Amino acid sequence: MRRGSRHYLAVLAVAALALGACDELEGQPVVSVQPPGPGDTGPAPTPPPGDTAASPEAEPSPEAEPSPEAEPSPEATDSPGTPTPSEEGPPRGAGGGDGFHEGFENGLASTWNAQFCCQHSSRFVTSPVRAGARALEITYRPSDGERAEIAGDSVDRNRPTTFSFSVFLPQDFAPQSKDHFIFQAHSSKPHGGLGGPNLGIQVVDDQWQVWRRWSDHPQMTKRSQGTTETTRVGAFATGRWTDFVIQIDRWSTGDDGVTKVYVDGELVHDVRGGNMYNRQLGPYPKFGIYGGDPLRFSRTLYYDEISVVQGP
Ligand SMILES: [Ca+2]
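Criteria and thresholds
Residues numbered from 1 in each chain as written. Predicted model: local features only at pLDDT ≥ 70, side-chain atom pairs only at ≥ 80, totals over all residues. Helix = DSSP H or I, 4+ residues; strand = E, 2+ residues; numbered from the N terminus. Buried ≥ 20, exposed ≤ 12 C-beta atoms within 10 Å, placed from the backbone. Contact = placed C-beta atoms within 7 Å. Pairing = 2+ DSSP bridges. Axes fitted to C-alpha atoms, helices over the stretch in contact; angles between N-to-C directions. Core = buried A, V, L, I, M, F, W, Y, C linked by C-beta atoms within 7 Å. pLDDT = per-residue confidence, 0-100.

### Let's talk about the overall build of the chain
Here is step 1: If you tally the helices and strands in the chain, you get one helix and 16 strands.
Here is step 2: Expressed as a percentage of its 312 residues, the buried residues of the chain come to 43%.
Here is step 3: Restricting to contacts in the chain with at least 6 residues of sequence separation, those with at least 24 account for 74%.

### Side note on the environment of Thr-111
Here is step 1: Along the chain, Thr-111 falls in the loop between strand 2 (98–102) and strand 3 (113–115).
Here is step 2: Each C-alpha atom, one on Thr-111 and one on Ile-150, is 9.8 Å from the other, the two residues being 39 residues apart in sequence.
Here is step 3: Apart from the residues within four sequence positions on either side, Thr-111 is in contact with Gly-152 and Asp-153.

### Some thoughts on the sheet that holds strand 9 (residues 197–205)
Here is step 1: Within the open sheet, the seven strands sit side by side as 3-6-15-8-9-10-11. Their pairing is antiparallel. Among the strands making up the open sheet, the edge pair consists of strand 3 and strand 11 (227–235). Recorded for the sheet is a direction-independent mean angle of 20 degrees between the axes of neighbouring strands.
Here is step 2: Where strand 3 meets strand 6 (residues 147–151), three bridges bridge the pair, whose relative direction is antiparallel. Each bridged residue has a counterpart across the sheet, and for Ala-114 the counterpart in strand 6 is Ile-150.

### With respect to the nonpolar core
Here is step 1: Of all hydrophobic cores here, the largest spans 57 residues; its most connected members are Phe-165, Val-167, Ile-182, Phe-244, Tyr-302 and Tyr-303.
Here is step 2: Sort the elements by how many residues they give to this core and strand 16 (residues 299–310) lands first, with six residues.

### Some points on unusual backbone geometry
Most of the time, phi is negative for any residue but glycine, and the peptide bond is trans.
Here is step 1: Cis geometry is found at the peptide bond from Ser-127 to Pro-128, where omega equals 0 degrees.
Here is step 2: In this structure, Pro-128 sits in the loop between strand 4 (122–127) and strand 5 (135–140).
Here is step 3: A positive phi angle, near 65 degrees, is found at Phe-104, a position not held by glycine.
Here is step 4: Of note, Phe-104 is situated in the loop between strand 2 and strand 3.

### Description of the confidence of the model for the chain
Here is step 1: For the chain, per-residue confidence averages 77 on the pLDDT scale, and residues scoring 70 or more make up 67% of the total.
Here is step 2: Predicted confidence is poor over residues 1–5, with pLDDT under 50, and the contacts of this stretch with residues over four places away or in other chains come to zero contacts.
Here is step 3: For residues 8–96, every residue scores under 50 in pLDDT, and the model assigns this stretch 161 contacts once sequence neighbours within four places are set aside.

### Focus: the environment of Ala-131
Here is step 1: Inspection of the secondary structure puts Ala-131 in the loop between strand 4 and strand 5.
Here is step 2: Given 18 C-beta atoms within 10 Å, Ala-131 falls into the partly exposed group.

### Structural notes on the pairing of strand 12 (residues 240–250)
Here is step 1: Where strand 7 (residues 161–169) and strand 12 come together, nine bridges link them in antiparallel fashion. Opposite Ser-164, over in strand 12, you have Val-245 as the bridge partner.
Here is step 2: Inspection of the sheet shows strand 12 paired to strand 13 (residues 258–263) by six bridges, in the antiparallel sense. Each residue of the ladder has a partner; that of Arg-250, found in strand 13, is Val-258.

### With respect to the environment of His-217
Here is step 1: Position of His-217 among the secondary structure elements: in the loop between strand 10 (207–214) and strand 11.
Here is step 2: According to the C-beta neighbour criterion, His-217 is partly exposed, with 16 such atoms within 10 Å.
Here is step 3: Remark: the alpha-carbon pair of His-217 and Arg-279, spanning 62 residues in sequence, is separated by 9.2 Å.
Here is step 4: Not counting chain neighbours up to four residues away, the residues in contact with His-217 comprise Gln-225 and Asn-278.

Now the structure itself:
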């Protein structure tokens with residue numbers, strides 16, 4: 001009996017400790033955490049030789065397959081960001097068709113794959129917000145590897161696709177000569193080959209930059225098998241929300257792709273040409289910081305009102 005009672009007390013003590021640990025987590029608005037480590041998390045394939053050299057662009061490296069979903073904590077907190085009151089959402093592109101919306105009002109939808117190294121990487125905030133009561137804050141530090149991102153599902157490459165999102169760069173978001181992504185349409189690679197973005201929005205110096213890479217190679221393993229174009233489309237603003245609409249009227253590995261980019265409702269990029277790799281699955285969206293290589297500076301930014309709409 002006494003041994004049994006002692007055992008019972010021990011179980012109670014362990015349970016109390018566990019409860020205490022849970023209590024300690026309250027108030028820590030961390031979205032989710034994956035196993036820490038530099039660069040990609042998960043079973044990333046080894047880059048092909050000669051395929052990771054630095055370039056003036058933020059070069060993608062082969063990326064990890066989606067890792068197990070990390071559940072976000074629905075905690076919200078005030079943030080140090082500078083709020084800008086705003087009642088209306090951004091203009092949206094293609095209407096109708098299949099759609100996905102994320103406003104971060106109830107945590108992260110289960111379809112997201114969170115690629116964060118650390119507790120500081122993300123949290124929900126009540127200010128600034130673009131719509132509703134919450135937005136997602138993402139923080140990247142130089143020791144975090146090459147990314148702090150959330151990744152969505154692949155789209156249908158045979159259907160027009162519109163990615164919309166609002167992003168807030170705080171006032172201390174300083175220009176840097178090293179570019180990095182804040183949005184990617186990332187190539188899916190169910191059969192191996194080179195990963196990386198095929199379309200994206202970057203910041204470089206004080207500019208927004210549209211980034212495209214395409215290839216009709218059936219099993220692209222080197223960047224040289226693709227074509228890359230970057231286009232600066234105007235200075236970024238800090239201390240307020242910026243609304244992006246990336247409208248792909250046609251995904252293509254060749255010359256007949258159609259890509260349009262709107263910033264705050266203004267068409268800033270309208271180009272015909274390739275916008276994807278030759279993959280069976282369409283690209284999938286990613287939001288957050290991706291440097292291609294680890295960055296030497298820290299970044300914090302905010303996202304809200306993300307949507308993905310596929311037309312007929
Ligand atoms: Ca929201």
